[in-house]
Amino acid sequence: MTQSTRETERKYEVPDTGGFPTLAALAREGTGADGRNKTKGKGKGKAKADGKGGKGRKRAGNGSPGLSLVDGGAHDLDAVYYDTADLRLARSAATLRRRTGGPDAGWHLKLPLPGDDRDEIRAPLQDGVPERLRELALSRTRGARLQPVVRIRSRRSVRDLVDADGTVLAEVALDRVDADSLRPEGGHASWAELEVELAAGDGDAALLDRVENALGAEGFTRSGSASKLARALSDTAADASGASGVENAPRPASGPRRGTAGAELHAYLTEQVRALVDLDPAVRRGLPDSVHRMRVACRRLRSCLRSYRSFVDREITDPVRADLKWLGGELGAERDQEVLAGRLREGVDRLPGELVLGPVSARLQAWDVTKSAEARERSLAALSSPRYVALLEALDRIVAAPPLTAGASRGAAKALPAALGKEFDRLGDRVDRALGTPAGPERDAALHEARKKAKRLRYAAEAAGPALGKPAKRLSKSVKSVQKALGDHHDGVVARDALRRHAVAAHAAGEPGFTWGLLYGREQAAADAREESLPKLWRAAARARPRKS
């Protein structure tokens with residue numbers, strides 16, 4: 001059993017004085033000229049420090065009617081950090097520890113998020129690494145053995161930052177740290193650091209900025225280490241060079257020359273590989289929109305390697321493209337069911353009650369529960385498969401040592417528009433072919449193929465955006481309109497097929513088929529309207545066709 005929390009915190013170096021900050025500047029600014037508390041109303045629902053919230057802590061500040069610090073006691077914390085032999089978790093800015101002492105003793109897996117945020121997944125204390133946490137770390141560890149790498153013991157003094165009403169806004173903790181490496185030839189290090197963490201559920205980054213300004217006035221400076229583990233690995237290593245290892249992805253020994261097509265391609269691939277790795281735990285946890293976003297990362301990687309294939313060694317990248325297609329397909333079952341079920345429910349909800357005959361909603365719900373469970377199992381099976389782990393390893397190799405051809409050394413401003421122009425012409429051929437096909441299943445299939453080409457071009461333009469600027473953005477926006485119309489059309493095709501099957505099942509069960517037929521007719525009318533809009537959308541997109549510079 002695990003629990004998840006989102007923490008927002010910053011770390012600071014402690015000045016030579018070594019004491020706890022007073023945050024006097026923050027206390028003074030807490031009250032405006034009119035005598036009103038500037039922070040009142042923020043952090044609603046947070047714990048109270050006057051005993052009403054169960055903490056019963058004593059005020060340890062200057063008695064200012066603004067913000068002040070409340071004594072939160074002291075804790076002795078003892079944590080053993082686990083990682084692979086080559087520090088794969090640390091290199092992706094993640095940490096896994098077993099900690100005793102304090103109010104949250106247990107196993108903690110921390111995963112990076114943008115800015116000052118991190119996701120923390122907790123599991124109860126046990127001897128070995130909890131299997132659930134091992135699974136959530138798989139996209140980073142690739143299944144390598146997890147072993148103790150550092151032991152960190154901290155003497156923590158805690159004070160809560162509260163407003164005039166006693167509402168806890170943030171926790172300020174001063175840690176006296178002793179770190180001992182558990183790796184061969186590792187050493188010992190000690191230091192003091194200050195952590196400021198927003199109260200649970202409060203994402204007021206502006207408060208962190210205000211606290212930071214107040215700390216700066218007292219000599220505290222932002223820490224250069226993202227975590228205690230990063231600093232411990234660096235300070236206790238026999239050879240400290242590169243030991244902290246907190247980069248999100250491997251770096252090539254000699255990257256592509258700046259301004260070249262290869263440099264732009266490499267930057268985009270690196271970004272998408274990182275997204276794929278970061279989204280893996282979210283998909284395993286079933287977080288909203290995570291499957292869709294991971295599937296999009298697969299598509300972006302595939303599209304980039306396909307559209308710019310003349311810049312890469314295809315003997316290396318073509319097998320990777322095939323595996324990305326496989327992974328996208330496995331994830332697609334769950335995402336497609338989510339989209340289809342939502343579309344059908346929305347269609348029913350829009351009907352007047354007198355037009356919904358029979359147990360339509362109940363039938364949809366029973367069908368969705370079964371199909372969603374099957375699709376969910378398929379996604380998780382894919383993420384636990386050796387093929388998936390091998391794909392991640394292959395993507396790491398591509399990022400670490402980009403398999404670029406001589407053509408990738410050309411300037412991006414000239415090379416990328418040429419590649420985009422070819423993709424645009426392929427899309428044009430598909431659109432013309434689809435529009436020239438008589439209405440029916442063949443035309444539906446042709447429009448679906450055009451949709452896939454539109455996605456490829458859109459992602460290729462996205463990859464070229466940093467180098468080409470407005471022309472690439474204009475192309476991406478225009479093609480997105482075409483893609484959306486084609487996507488809505490395809491979703492309608494899939495929905496009509498599902499509605500027909502529901503109607504057949506309802507008829508066999510002796511239920512009315514009227515509502516299913518009505519929904520089918522509405523989907524058909526909507527599809528006809530989208531087909532009629534396509535020529536105009538395509539003419540607008542054609543004006544954004546990339547030109548050679």
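Every chain is numbered independently, its residues counted from 1 as its sequence is written. Two thresholds apply to this predicted model, a pLDDT of at least 70 for residue-level local features and 80 or more for giving and counting side-chain atom pairs, whereas whole-chain, interface and lining totals are computed over all residues. Side-chain numbers here rest on the full set of heavy atoms in the structure, without hydrogens or water.

### A few points about the nonpolar core
Step number 1: In this structure, Y308, L327 and L420 are the most contacted members of the largest nonpolar core, which totals 64 residues.
Step number 2: If one sorts the elements of this core by residue count, helix α13 (residues 441–468) sits on top with 11 residues.
Step number 3: Whether two residues are in contact is decided by their heavy atoms: any pair within 4.5 Å suffices. Ignoring any residue separated from it by four or fewer positions in sequence, one finds Y308 in contact with L265, L416, A419, L420, A460, A461, A463 and A464.
Step number 4: Formed by 22 residues, the second largest nonpolar core is a distinct cluster that contains F20, L161, L174 and V196. The nonpolar core is taken to be a set of buried Ala, Val, Leu, Ile, Met, Phe, Trp, Tyr and Cys residues, with the residues joined through side-chain atoms within 4.5 Å. Each residue's exposure class comes from its accessible area (1.4 Å probe, protein chains only) as a fraction of the maximum for that residue type: buried when under 20%, exposed when over 50%, partly exposed otherwise. Numbered from the N terminus, helices here are DSSP runs of H or I no shorter than four residues, and strands are runs of E no shorter than two.

### A closer look at the confidence of the model for the protein
Step number 1: Residue-level pLDDT values for the protein average 89, and 89% of them are 70 or greater.
Step number 2: Note: pLDDT gives the predictor's confidence per residue, expressed from 0 to 100. When pLDDT is averaged over each element of the protein, strand β3 (residues 95–100) comes out on top at 98 and helix α1 (residues 24–29) at the bottom at 74.
Step number 3: Predicted confidence for residues 30–64 stays below pLDDT 50, and this span has 70 contacts to residues more than four positions away or in other chains.
Step number 4: Taken together, the stretch residues 239–253 has pLDDT below 50 and engages in 37 contacts with residues farther than four places along the chain or on a different chain.

### Examining the packing of helix α7 (residues 261–284) against helix α10 (residues 360–383)
Step number 1: Fitting a line to C-alpha atoms yields each axis, with helices limited to the stretch in contact; the angle taken between N-to-C directions then spans 0 to 180 degrees. Axis separation between α7 and α10 bottoms out at 11 Å; the angle between their running directions is 140°. Put simply, α7 runs oblique to α10. Of the two possible hands of crossing, α7 and α10 adopt the one that is left-handed. Contacts between α7 and α10 pair D280, V283 and R284 from the former with R376, L380 and L383 from the latter. These descriptions rest on fixed angle ranges, namely under 35 degrees for roughly parallel, over 145 for roughly antiparallel, 65 to 115 for roughly perpendicular, and the rest for oblique. Two helices crossing with the near one rotated counterclockwise from the far one by less than a right angle form a left-handed crossing, whereas a clockwise rotation gives a right-handed crossing.

### Topic: the environment of D86
Step number 1: Examined against the element boundaries, D86 turns out to sit in the loop between β2 (68–83) and α2 (88–91).
Step number 2: The exposure class assigned to D86 is partly exposed, which follows from its relative accessible area of 35%.
Step number 3: Considered as a pair, D86 and T141 are 55 residues apart in the sequence and their alpha carbons are 9.5 Å apart.

### Remarks on unusual backbone geometry
Step number 1: Unlike most non-glycine residues, L23 shows phi in positive territory, near 55°.
Step number 2: The phi torsion at L87 lies on the positive side, around 60°, for a residue other than glycine.
Step number 3: Checked against the element boundaries, L87 lands in the loop between β2 and α2.
Step number 4: Given a relative accessible area of 2%, L87 falls into the buried group.

### Regarding the packing of aromatic side chains
Step number 1: Geometry of aromatic contacts follows a simple scheme: Phe, Tyr and Trp rings, the Trp one being its six-membered ring, pair when their centres are within 6.5 Å, and the pair is stacked under 30 degrees between planes, edge-to-face over 60, tilted otherwise. Applying the stated rule across the entire model yields 3 aromatic pairs.
Step number 2: Ring centres of F424 and W538 lie 5.1 Å apart, and the angle between their planes is 20°; on these two criteria the pair is classed as stacked. On the criterion of sequence distance, the pair formed by F424 in helix α12 (residues 412–435) and W538 in helix α15 (residues 514–542) is long-range, its members being 114 residues apart.
Step number 3: Criterion for a charge above a ring: Arg CZ or Lys NZ at most 6 Å from the ring centre, at most 35 degrees from the ring normal. In this arrangement the basic side chain of R159 is found over the ring face of F20, its NZ or CZ atom lying 4.5 Å from the centre.

### Comments concerning the pairing of strand β5 (residues 117–123)
Step number 1: For β5, the buried fraction is high: 5 of the 7 residues fall into the buried class.
Step number 2: The rule for pairing is simple: two strands pair if DSSP sees at least two bridges between them. Direction of pairing for strand β1 (residues 3–13) relative to β5: antiparallel, over a ladder of 6 bridges. Counted as the bridge partner of E7 is R118 from β5.
Step number 3: Sheet analysis places strand β4 (residues 106–112) next to β5, joined by 6 bridges and oriented antiparallel. Counterpart to H108 in the pairing with β5 is R122.
Step number 4: The loop that links β4 with its antiparallel partner β5 comprises 4 residues; one of these, G115, has a positive phi angle of about 70°.

### Some remarks on the packing of α13 against helix α14 (residues 470–508)
Step number 1: As a packed pair, α13 and α14 sit with axes 8 Å apart at the nearest point and diverge in direction by 155°. Viewed along their axes, α13 and α14 adopt a mutual orientation that is roughly antiparallel. Classified by chirality, the crossing of α14 by α13 is left-handed.

### Some details on a positive patch on the surface
Step number 1: What makes a patch is a set of residues exposed beyond 30% relative accessible area and free of salt bridges, joined within 9 Å when like-charged and within 5 Å when nonpolar (Val, Leu, Ile, Met, Phe, Trp, Tyr). Here the accessible surface of atoms and residues is derived via Shrake-Rupley with a 1.4 Å probe, and residues count as covered only by protein chains that are part of the display. Here, a salt bridge means any side-chain nitrogen of Lys or Arg that lies within 4 Å of a carboxyl oxygen of Asp or Glu. Only four residue types enter the tally: Lys and Arg on the positive side, Asp and Glu on the negative side; His and the chain ends are excluded. The atom standing in for a charge is NZ when the residue is Lys, CZ when it is Arg, CG when it is Asp and CD when it is Glu. Taken together, K470, K473, R474 and R547 make up a surface patch of like positive charges.
Step number 2: Counting through the fold element by element, K473 comes out in helix α14.
Step number 3: Classification of K473 as exposed rests on a relative accessible area of 59%.

### With respect to the environment of F424
Step number 1: Residue F424 is classed as buried on the basis of its relative accessible area, which comes to 5%.
Step number 2: Not counting residues within four places of it along the chain, the set of residues in contact with F424 comprises L457, L475, W538, A541, A542, R545 and P546.

### Some points on the pattern of salt bridges
Step number 1: Under the defined criterion, the tally for this structure stands at 56 salt bridges.
Step number 2: One salt bridge in this structure joins E449 and K452, with 2.9 Å as the shortest N-O distance. Taken together, the residues E449 and K452, both in helix α13 and 3 residues apart, mark about one turn of the helix.
Step number 3: The exposure class of E449 is partly exposed, given its relative accessible area of 25%.
Step number 4: Take K452: its relative accessible area is 41%, and that puts it in the partly exposed class.

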